[in-house]
Amino acid sequence: MGTGDEEYDYLFKVVLIGDSGVGKSNLLARFTRNEFNLESKSTIGVEFATRSIKVNKKIIKAQIWDTAGQERYRAITSAYYRGAVGALLVYDIAKQLTYQNVERWLSELRDHADQNIVIMLVGNKSDLRHLRAVPADEATAFAEANNLSFIETSALDSTNVETAFENILTEIHRKVSARQMDSMDGDEIDKVCMKPIRIDATTANTNDSAAFQIKQFCCNASA
Amino acid sequence: MRLDIGKMGDHVQKYASDNDMNLKNSFWKKNIRNLPGRASPKKESKSVSSSASTSFDDFQESVSDAWEIEAEDEILRISARECANSAHPPASSCYRNRFPYDVKISKRVAHSAAVNVINNHKASIEEIHKSKNYSNSDLQGESSSQTYKESRHTENRINFSNSEVDTNKLTKFQVLLESNLLQLEDLKKLSWSGVPVEVRPMTWRLLAGYLPTSSERRQQALDRKRIDYANLVKQYYDTDKDEVYKDTYRQIHIDIPRMSTPLFQQTTVQEMFERILFIWAIRHPASGYVQGMNDLVTPFYVVFLQEYLPIGTNIEKLDVSSISKKNRDSLEADSFWCLSKFLDGIQDNYIFAQLGIQYKVNQLKELIQRIDGTLHGHLMKHGIDYLQFSFRWMNNLLTRELPLRCSIRLWDTYLAESDCFATFQLYVCAAFLLHWRQELLEEKDFQGLMIMLQNLQTQNWTDTDISLLVAEAYRLKFTFADAPNHLTTKR
């Protein structure tokens, strides 16, 4: 399995959140193992997987934490938001209630996650066209109003799963690069990003499992 | 001399109970009298024989020597210190002073105990092995050949034939179960090392405290309980559900069909589980339904289901609706009541914020730190948080980590531990983690460790593995549970 010591430039921690049964675990399985299981068991607490992808010639290792959807687990799972630089907030396009709860999940993130966390709203199960309960344009409008990116995916038929993860990782990378520029060369900032964004890097030694670890800074890239 | 040791031992015990009335202590000191390995004024000294001593009794007898044979001096030394310190509550400096002595004792005890446990379990495992692993062949055919191979290894070490051992254990159970007034303690001792498949349903009902020990009242009680359950279904499930409960129902309804195996794809089975869990949740408002509880119904359900089938039936291919309605109702009611009794002991696991689990995860961490500093250091070095992997172990009582047949065997022991199983489970988790020690030490980074810890390879485990696991857990428990200073809970 894709564990091991392969080289990477960035390590980003991303959490998958959203109501029970919206397909978080299957999105993760599709992205990290290209698997899908129609009857995958409910997630207990949190589960973990990892995959590396290439963005702008840099290897980004995504450390993805899949969380349990049930409210009862909130106390445990919210501990995992700490150090996360990205969140996929998933709902089921065929279940209105899971979309209504997106607001609650957002406030969870506001309470427990870093304020600079990149959030992507994901409408999963797009293969269930005939059962659609949440119009795509409604979700798009909501995402715009809340400064989130938005995508519809299907873990079952693979539609947009890669794209969703690639997009969020690229976005995180963009923010991080901007921050590094900031610390390195103030004049460069405006070309990359309109405003400097602060995301704290965690060192490999902390107990926080190197949640957000930058192995190689831009200034070393020429070496 | 021995009497003195006994007094000292009592003194230590008294000291502990007088001075440490806090939660930590009551936890570790629970059931103190039953713990083998503790100094006792009993004069009689039995020789520890490595020959097949098969009963739990023999085991208890044999380990009580652990103190007397080797650790006498150590006990005196620690007791003297305890006495000297007893005027003051143990301050941390004091604790550090005692520390080396504790280590010494625990190592000695651990060593002699380990030998005893291993000898004893060699014998009992042979016995278990010989019993053909019914549940194994019922539930998963692929590993039975392995079991067979293993049992052939042990064959030349015992003198009697398969069927004899098999029959012996079964007969012991039958005699107990048929006696007019069942000695529950005897049944627990016998069950601890595994219950034969033929008598498992009745044994579990008794161990769970669901049925009375008096055999003549048993059938009557069973009938009444089944009617009670039918009434609960009418009262809570068949009526319009309150708005508050709709969320609970929705959650259960989402989780049940996700239980993977073909058995749970049957509507009949799903409905039975939904009723069991929904009614349990309503009757336990402090916790309510928590994801994963569905997995805790399964062992009961499968064990009671087998009662209505010829032994050896492949339940995965079974159409449950082919069983009569009356039997299905009984099966459902029995599963419900036994689940209720079982969960009574671990309710704090499922209350708000799951405090019981958080507490136990901390205890696990401290236990491992104490037992195996190398492994603990390795996990810490790579940023592994115990909560990340052991939460599920505690929440689901290892059902997600083990094949169903092994969970059932493990529950023989859990049920035999009855009230104390919540404590015992902590030691089972510790033993389980330590089992993978070598593989874990070979993993060199966080991701490797996490992925391994979440996918521990137990597919080929048999009853033997579980017997070894609980033996190790037992050893850890009596080494550490009775020595609260071995584990000082940091607040």
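Residues numbered from 1 in each chain as written. Chains lettered and ligands numbered in written order. Predicted model: local features only at pLDDT ≥ 70, side-chain atom pairs only at ≥ 80, totals over all residues. Heavy atoms only, no water.

**Things to note about the interface of chain B and chain A**
Bring the parts together and some accessible area is lost; that lost area is often taken as the interface size.
So, point 1. Between chain B and chain A, the residue contacts involve 36 residues of the former and 31 residues of the latter.
So, point 2. Between chain B and chain A the total buried area reaches about 3,000 Å² when both faces are included, carbon and sulfur atoms providing 55% of it.
So, point 3. For chain B, the biggest contributors to the area lost against chain A are Arg258(B), Gln291(B) and Gln447(B); these three give 20% of the whole.
So, point 4. If you look at where chain B meets chain A, you find 1 salt bridge.
So, point 5. With its nearest N and O atoms 3.0 Å apart, the salt bridge here joins Arg392(B) to Glu47(A).
So, point 6. Our enumeration of links across chain B and chain A arrives at 13 residue pairs in polar contact (both at pLDDT 80 or more).
So, point 7. In terms of residue class, the side of chain B that touches chain A is built from 15 nonpolar, 15 polar and 6 charged. (Contact = heavy atoms within 4.5 Å. Buried area = accessible area lost by both parts, 1.4 Å probe. Salt bridge = Lys/Arg side-chain N within 4 Å of Asp/Glu carboxyl O. Polar contact = N/O pair within 3.5 Å; in protein donor to acceptor, adjacent residues only side chain to side chain. Nonpolar A, V, L, I, M, F, W, Y, C, P; charged D, E, K, R; others polar.)

**Considering unusual backbone geometry**
So, point 1. The backbone of Asn147(A) shows a phi angle near 65°, a positive value even though the residue is not glycine.
So, point 2. Locating Asn147(A) in the fold gives a position in the loop between α5 (136–145) and β6 (149–152).
So, point 3. Positive phi values are uncommon outside glycine, yet Leu398(B) reaches one of about 70°.
So, point 4. Looking at the element boundaries, Leu398(B) is found in the loop between α18 (386–395) and α19 (404–417).
So, point 5. On the accessibility criterion, Leu398(B) (0% relative accessible area) is buried. (Helix = DSSP H or I, 4+ residues; strand = E, 2+ residues; numbered from the N terminus. Buried < 20%, exposed > 50% of the residue type's maximum accessible area, 1.4 Å probe, protein only.)

**What about the domain arrangement of chain B?**
All names here are of chain B.
So, point 1. Domain boundaries assigned for chain B yield domain 1 (18–124), domain 2 (151–160 + 184–350) and domain 3 (355–481).
So, point 2. For domain 2 and domain 3, the distance between their C-alpha centroids amounts to 24 Å.
So, point 3. Opposite the 26 residues of domain 2 that make contact, domain 3 presents 27 residues.
So, point 4. Summed over both partners, the interface of domain 2 with domain 3 buries about 2,300 Å², with 64% contributed by carbon and sulfur atoms.
So, point 5. Linking domain 2 to domain 3 there are 2 salt bridges.
So, point 6. Arg 400 is paired through a salt bridge with Asp 295; the nearest N and O atoms lie 2.8 Å apart.
So, point 7. Counting across the domain 2 and domain 3 interface gives 13 residue pairs in polar contact (both at pLDDT 80 or more).
So, point 8. Looking at the side of domain 2 that touches domain 3, the elements with two or more residues in it are α9 (184–192), α10 (200–207) and α14 (293–306).
So, point 9. Element by element, the count of residues in the side of domain 2 that touches domain 3 is highest for α14, at 7 residues.
So, point 10. Tallied by class, residues from the side of domain 2 that touches domain 3 come to 14 nonpolar, 8 polar and 4 charged. (Domains from an automatic or database assignment.)

**Quick notes on the nonpolar core**
Residues and elements named next belong to chain B.
So, point 1. By size, the foremost hydrophobic cluster in this structure holds 149 residues, and its most contacted members are Tyr 414 and Leu 433.
So, point 2. Per-element accounting of this core gives the leading share, 12 residues, to helix α20 (residues 421–435).
So, point 3. Residues in contact with Tyr 414, not counting those within four places in the same chain, are Phe 342, Leu 397, Leu 398, Phe 421, Phe 424, Gln 425 and Val 428. (Core = buried A, V, L, I, M, F, W, Y, C linked by side-chain atoms within 4.5 Å.)

**Examining the pattern of salt bridges**
So, point 1. With the rule as written, the count across this model stands at 22 salt bridges over all chains.
So, point 2. Among the ionic pairs, Glu71(A) bridges to Arg104(A), the shortest N-O distance being 2.8 Å. Linking Glu71(A) in the loop between β3 (58–67) and α2 (74–77) with Arg104(A) in helix α4 (residues 102–112), this pair joins segments that are 33 residues apart in sequence.
So, point 3. In this structure, the salt-bridge partner of Glu332(B) is Arg275(B), at a minimum N-O distance of 2.8 Å. Within this pair, whereas Glu332(B) is found in helix α15 (residues 325–344), its partner Arg275(B) is found in helix α13 (residues 267–283), the two being separated by 57 residues in sequence. In this pair, the class of Glu332(B) matches that of Arg275(B), namely buried.
So, point 4. Connected through shared salt-bridge partners, Arg205(B), Arg226(B), Glu307(B) and Asp334(B) make up one network.

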